[in-house]
Amino acid sequence: KEGPPTLFGIELKWISLITLALQNAFLTIIMHYSRISTAPGKTYSAATAVLLNELLKGSISVIIALKRIDTNMLNSAPPPVYSEKSSSRNSDRRSPPSAFSMFQTSRLTALRKAVLSPDCYKLSVPAILYVIQNNLQYVAASNLDVATFQVTYQMKILTTAFFSVLMLGKRLSKLKWASLVMLAIGVGIVQMQSTSAPSHSATPIASPIATATAHHGEHQLRSEIPTTPNPVDSIMSSERVMHPFKGFIAVTLACLTSGLAGVYFEFILKSSSGNAPPPDLWVRNTQLSLFSLVPAIVPIIVAPSGPDGMGYIGRVMSAFSNFNGWAIGTVLTQTFGGLITALVIRYSDNIMKGFATSLSIVISFLASVALFSYPITLAFVTGSTIVLAATYMYNSPGTPQQQSSRTTVAVAPG
Ligand code: C5P
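Remember, it's a predicted structure, so these values are computed and weren't measured experimentally.

A. Local environment of the overall build of the chain. The number of helices and strands found in the chain is 16 helices and 2 strands. In the chain, buried positions account for 50% of the 414 residues. Total accessible area on the chain is roughly 19,700 Å²; 68% of this is exposed by carbon and sulfur atoms.

Structure (structure tokens):
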């Protein structure tokens, strides 16, 4: 059996987890900033951002899937169309363009066949859930500060564990459950170690991440309902108001869809039909993006049209208006994250993905220490040590991941 895939001698599993932690830290900050840094009514459309994300992810997945089909074909016996031509007159120079183009065509045909496999419909479930989740994320990022969003979004670790046990039949040892609880405690300590809140505050969390990114080190709570705009926001967005309750509901629903979609995707990815090996990750990703397109387009179509009398063109114009550099940066970061997430689910699992996103909180904090001279406190050191210890404990070789055979059953649900 081949060993685990590596890059530069490091297991791909670890590279993808660390990259995901970094990406998550950056995404939370840039998404929030891109939403709050414009005047009300001048914010870009979240639905369009989600659609662009899916289009981009889908295109990248197609390219990688094509490349991999290419490699597979070259590794196996040469395809008949290719060898037939090359065995003619000049065996050194198998350059005839027709042979090349026939080879390209066969690659495309192979990909089309793989993508339109009889079981491709299974991907429609996680595709719809992810589109809903991605839209909810924008609602949450628009209505919660960075820190509150990050900490509440950690609930997805628990929803993921719950769905993993329920759907994948994973049985977590006591040690693994203990490490999940430790993780929650560690995250809480890291988050709450900053300024203590005034007693009248509705949501007493103000983290260095939020304050450092939004206020450049100045501590200020932004959690009253509706939140009082901070000075920076006030300058940039006159009367922007956040609604933490709406944000909290959005983030809670996003946690549920995240857990369910992730586990469902993992189930499809790791289950096989009979003796056939499971299809390639990038074929699955292409299927996922294809099924995402319809639910991603619907909110744009049903949205109120643009300026009166402009009909279809006005609708398209308003869907793409206000896309500034921050918005594009957010879409690119999210696309990158989607691709890395797929790798993490493939080479590790969804619960480990949760640990990577928890580490992202520690990374965000360290970034704010480096960038905004935020002081390192004992609580921070304690909280992050617990997070790191929990991550190690969960993944410790002494505790083999017990997984029931349900992940390799022949028929996936749905
Ligand atoms: O918050 P969470 O980690 O659940 O977010 C997962 C993100 O990864 C979503 O934006 C989802 O669209 C994306 N994803 C993806 N391809 C996959 C799995 C997840 O783009 N195969």
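Having seen the model, we can carry on.
B. Quick look at the confidence of the model for the chain. Taken residue by residue, the chain gives an average pLDDT of 75. The fraction at 70 or more is 70%. Across residues 74-92 the pLDDT falls below 50, and counting only partners more than four positions away or on other chains, this stretch makes 13 contacts in the model. For the stretch residues 194-239, pLDDT sits under 50, and the model shows 98 contacts to residues farther than four places along the chain or on other chains. If you check the scores for this complex, the pTM reads 0.75 and the ipTM reads 0.97.

C. Spotlight on helix α7 (residues 155-167). Taking 1.5 Å of rise per residue, 13 residues should cover 18 Å, and α7 covers 18 Å from first to last C-alpha, within 8% of that figure. Residues of α7 that are buried: Lys156, Ile157, Thr159, Thr160, Ala161, Phe163, Ser164 and Met167. Glycine 169 sits one or two residues past α7 and shows a positive phi near 70°.

D. Focus on the site of the ligand. Near the ligand you find 14 residues, and of these Lys57, Asn134, Tyr153, Ser258 and Lys353 are the closest. The side chain of asparagine 134 places a nitrogen or oxygen atom 2.6 Å from an oxygen atom of the ligand. Protein coverage of the free-state accessible area of the ligand, which is 470 Å², stands at 94%. Those elements giving two or more residues to the shell around the ligand turn out to be α5 (124-143), α11 (244-270), α12 (281-302) and α14 (325-347).

E. Fine view of the environment of leucine 27. Within the secondary structure layout, leucine 27 lies in helix α1 (residues 12-36). Setting aside anything within four residues of it in sequence, one finds leucine 27 in contact with Gln137, Thr330, Thr333 and Gln334.

F. Representation of unusual backbone geometry in the model. If you check the backbone angles, phenylalanine 8 has positive phi at about 50° while not being a glycine. Here phenylalanine 8 is to be found in the loop between β1 (6-7) and β2 (10-11). Since its relative accessible area comes to 79%, phenylalanine 8 is described here as exposed. The residue asparagine 322 is not glycine, and still its phi comes out positive at about 65°. With respect to the helices and strands, the residue asparagine 322 is situated in the loop between α13 (311-320) and α14.

G. Broad picture of the environment of leucine 288. Within the secondary structure, leucine 288 sits in helix α12. Taking C-alpha positions, leucine 288 is 11 Å from leucine 339, a pair spaced 51 residues apart along the chain. Apart from the residues within four sequence positions on either side, leucine 288 is in contact with Leu123, Pro126, Ala127, Tyr130 and Phe265.

Calculation rules
- Residues numbered from 1 in each chain as written.
- Predicted model: local features only at pLDDT ≥ 70, side-chain atom pairs only at ≥ 80, totals over all residues.
- Heavy atoms only, no water.
- Helix = DSSP H or I, 4+ residues; strand = E, 2+ residues; numbered from the N terminus.
- Buried < 20%, exposed > 50% of the residue type's maximum accessible area, 1.4 Å probe, protein only.
- Areas by Shrake-Rupley, 256 points an atom, 1.4 Å probe, with all protein chains shown as cover.
- pLDDT = per-residue confidence, 0-100.
- Contact = heavy atoms within 4.5 Å.
- Expected span 1.5 Å × (residues − 1).
- Near = heavy atom within 4 Å.
- Polar contact = N/O pair within 3.5 Å; in protein donor to acceptor, adjacent residues only side chain to side chain.

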